[in-house]
Amino acid sequence: MVQGTVNLNTQLDREWIQEYVDDWVRFYRKATKEGKVATYIPVLAEANPEHLGISIHGKNGMVISSGDVDVVFTIQSISKVLTFIVACMERGVSYVLDRVDVEPTGEAFNSIMHLEMKSLNKPFNPFVNAGAITVTSMLEGKNSQEKLNPVFDLLEKIVGYRPIINQQVFKSEDETSARNRAIGYYLLETGLLESDLGVTLETYFKQCSIETTVNDLARIGLILANDGLDPESEEEIIPRQIARTTKALMLTCGMYDASGKFATYVGIPAKSGVSGGIVALAPPRVRPMQFPFIDGCGIGVYGPALEDRGNSIAGMKLLKHIASQWDLSIF
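Residues numbered from 1 in each chain as written. Predicted model: local features only at pLDDT ≥ 70, side-chain atom pairs only at ≥ 80, totals over all residues. Heavy atoms only, no water.

(A) Local environment of the overall build of the protein chain. Within the protein chain, the secondary structure is distributed over 13 helices and seven strands. What you see for the protein chain is a C-alpha radius of gyration of 19 Å, in line with the 20 Å of a compact globule of 331 residues. Its C-alpha atoms put the protein chain at 65 × 40 × 40 Å along the principal axes. A fraction of 69% describes how many contacts in the protein chain between residues 6 or more apart in sequence connect residues 24 or more apart. When the accessible surface of the protein chain is summed, it comes to about 13600 Å², and 49% of that surface belongs to carbon and sulfur atoms. (Helix = DSSP H or I, 4+ residues; strand = E, 2+ residues; numbered from the N terminus. Rg over C-alpha atoms; globule rule 2.2 N^0.38 Å. Contact = heavy atoms within 4.5 Å. Areas by Shrake-Rupley, 256 points an atom, 1.4 Å probe, with all protein chains shown as cover.)

Rendered as structure tokens:
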């Protein structure tokens with residue numbers, strides 16, 4: 001396996017970086033055998049567990065892609081990043097965070113035990129299912145289409161086209177998500193929902209069923225890495241305060257109950273989904289040595305074979321290696 005050590009006299013060109021990334025993807029693809037695809041949403045069980053792809057978009061315009069980058073998959077829990085951003089843009093950061101906390105949790109992402117046992121008056125954070133459903137209820141609109149239109153508007157500004165909802169996945173989620181319905185009823189009973197339960201859950205299932213690619217995820221990461229500005233057009237797509245709050249939550253809460261280890265050993269903001277996607281980012285860095293993407297980058301990863309917490313097993317290993325070799329950690 002090629003090592004990615006960089007010295008002061010190395011000229012960083014695209015071909016050199018591409019060679020390293022291709023090598024790393026080939027090496028970590030074998031880690032897919034250590035995980036399993038999600039089966040509790042039946043359509044997700046049809047994914048190829050050997051798929052692994054990555055796309056890295058730099059602030060300077062450089063794009064490096066390798067592996068299964070053309071595979072279309074559903075965004076799943078990565079949508080929680082987008083709905084949190086939209087809710088903050090519509091209602092204000094203070095309004096949203098008065099109703100959803102920002103604390104990590106060691107519980108599973110779809111747990112409701114911590115809400116009842118700890119007598120919390122709001123969910124731990126926007127990235128566990130209870131918090132995400134609460135945030136979805138805050139989106140303005142009388143039905144799921146009205147609630148999701150601003151989410152699609154945001155995505156269109158970021159990725160350059162208007163994504164679609166995978167109706168087969170939406171139907172699969174709608175028919176099998178007993179746990180999320182239980183969470184929804186608990187939130188309703190405790191007065192945390194701000195819209196009709198049926199509309200809220202339909203919106204939530206639809207947002208998780210939006211189709212995406214690793215290139216789209218890399219673009220989302222790039223905009224966040226640049227504090228909400230599009231580095232090409234210099235348009236502010238996400239207000240700076242919201243972008244920075246989102247990055248902080250991704251770092252501390254974005255990888256389910258593996259968030260602490262990921263922050264410690266990888267050290268970059270990221271958010272995963274059970275379809276195998278991960279959106280990650282590295283902000284601009286000041287280093288005495290020259291590294292690839294020193295001005296910041298967004299990273300999209302896809303690997304549907306998951307570890308037991310619901311994160312892409314090969315994707316996490318790949319990100320850890322790249323972060324180490326290129327000194328991406330924010331610490």
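(B) Broad picture of empty space enclosed by the protein. Evaluation of the coordinates by the stated rule reveals one cavity of 30 Å³ or more. Space inside the largest cavity adds up to approximately 30 Å³. Contributing elements (two or more residues each) for the lining of the largest cavity: β4 (211-212) and α10 (214-225). When its residues are assigned to classes, the lining of the largest cavity shows five nonpolar, one polar and two charged. (1 Å grid on protein atoms, 1.4 Å probe; cavity = no way out; pocket = protein on both sides within 12 Å on 5 of 7 lines; lining within 4 Å. Points joined across faces, edges and corners; volume = space filled by probe spheres on them. Nonpolar A, V, L, I, M, F, W, Y, C, P; charged D, E, K, R; others polar.)

(C) Just the packing of aromatic side chains, in detail. Following the criterion strictly, the structure yields seven aromatic pairs and no others. With 4.5 Å between their ring centres and 85 degrees between their planes, tryptophan 16 and tyrosine 20 make a pair best called edge-to-face. Remark: tyrosine 20 and tryptophan 16 occur in helix α1 (residues 14-29); sequence separation between them is four residues, near one turn of the helix. When the centroid spacing of 5.7 Å and the interplanar angle of 40 degrees are considered together, the rings of phenylalanine 293 and tryptophan 326 count as tilted. Taken together, the positions of phenylalanine 293 in the loop between β6 (277-282) and β7 (297-302) and tryptophan 326 in the segment after α13 (313-325) put the pair 33 residues apart, joining distant regions of the chain. (Phe/Tyr/Trp six-rings, centres within 6.5 Å; stacked < 30°, edge-to-face > 60°.)

(D) The nonpolar core, seen in detail. In terms of nonpolar packing, the biggest core is built from 57 residues, with Leu154, Ile220, Leu224 and Ile238 touching the most fellow members. Once residues lying within four places of it in the same chain are set aside, the contact partners of leucine 154 are Leu82, Ile85, Val86, Ile237 and Ile238. Listed in part, the 33 residues of the second largest apolar core include Ile17, Ile54, Ala270 and Ile322. (Core = buried A, V, L, I, M, F, W, Y, C linked by side-chain atoms within 4.5 Å. Buried < 20%, exposed > 50% of the residue type's maximum accessible area, 1.4 Å probe, protein only.)

(E) Up close: the environment of isoleucine 237. Within the secondary structure, isoleucine 237 is located in the loop between α10 and α11 (240-253). Along the primary structure isoleucine 237 and leucine 155 are separated by 82 residues, whereas in three dimensions their C-alpha atoms are 9.8 Å apart.

(F) Focus on the pattern of salt bridges. Here the structure, examined in full by the defined rule, presents 16 salt bridges. A salt bridge links glutamate 194 to arginine 91, with the shortest nitrogen-to-oxygen separation between them at 3.2 Å. Of the two residues, glutamate 194 sits in the loop between α8 (178-189) and α9 (197-208) while arginine 91 sits in helix α2 (residues 79-91), which places them 103 residues apart along the sequence. The class for arginine 91 is partly exposed, based on a relative accessible area of 29%. In this structure, the salt-bridge partner of aspartate 257 is arginine 309, at a minimum N-O distance of 3.9 Å. (Salt bridge = Lys/Arg side-chain N within 4 Å of Asp/Glu carboxyl O.)

(G) Quick peek at the side chain of arginine 285. Within the secondary structure, arginine 285 is located in the loop between β6 and β7. Buried and unpaired, arginine 285 has no salt bridge, with aspartate 327 as the nearest side chain of opposite charge at 5.8 Å. Of the polar contacts made by the side chain of arginine 285, one reaches the backbone oxygen of tryptophan 326; its length is 3.2 Å. Once residues lying within four places of it in the same chain are set aside, the contact partners of arginine 285 are Phe291, Pro292, Phe293, Ile294, Gly296, Trp326, Asp327 and Leu328. (Lys, Arg positive; Asp, Glu negative; His and termini not counted. Polar contact = N/O pair within 3.5 Å; in protein donor to acceptor, adjacent residues only side chain to side chain.)

(H) The arrangement of unusual backbone geometry in detail. In this structure, glutamine 76 takes a positive phi of about 50 degrees despite not being glycine. When you line up the elements, glutamine 76 lands in the loop between β3 (73-74) and α2.

(I) Fine view of the pairing of β6. The element β6 is extensively covered by neighbouring structure, given that six of its six residues are classed as buried. A two-sided burial pattern is seen for β6, the buried positions comprising Gly277, Val279 and Leu281 on one face and Ile278, Ala280 and Ala282 on the other. Both strand β5 (residues 270-272) and β6 contribute to a ladder of three bridges, which runs antiparallel. Opposite lysine 271, over in β6, you have valine 279 as the bridge partner. Counted between consecutive antiparallel strands, the loop separating β5 from β6 contains four residues, among which glycine 276 sits at a positive phi close to 110 degrees. (Pairing = 2+ DSSP bridges.)

(J) Up close: α11. Relative to the 20 Å expected for 14 residues at 1.5 Å per residue, α11 spans 20 Å between its end C-alpha atoms, a close match to the ideal helical length. Among the residues of α11, Ile242, Ala243, Thr245, Thr246, Lys247, Leu249, Met250, Leu251 and Cys253 are the ones counted as buried. In the core, the buried residues of α11 are packed alongside α2, α3 (93-97), α10, α12 (259-265), β5 and β6. (Expected span 1.5 Å × (residues − 1).)

(K) The environment of proline 304, seen in detail. Along the chain, proline 304 falls in the loop between β7 and α13. When the C-alpha positions of proline 304 and valine 128 are compared, they lie 20 Å apart, and in sequence the two are 176 residues distant. Apart from residues no more than four positions distant in its own chain, proline 304 is found in contact with Lys36, Val37, Ala38, Ala47, Asn48, Pro49, His51, Ser275 and Gly276.

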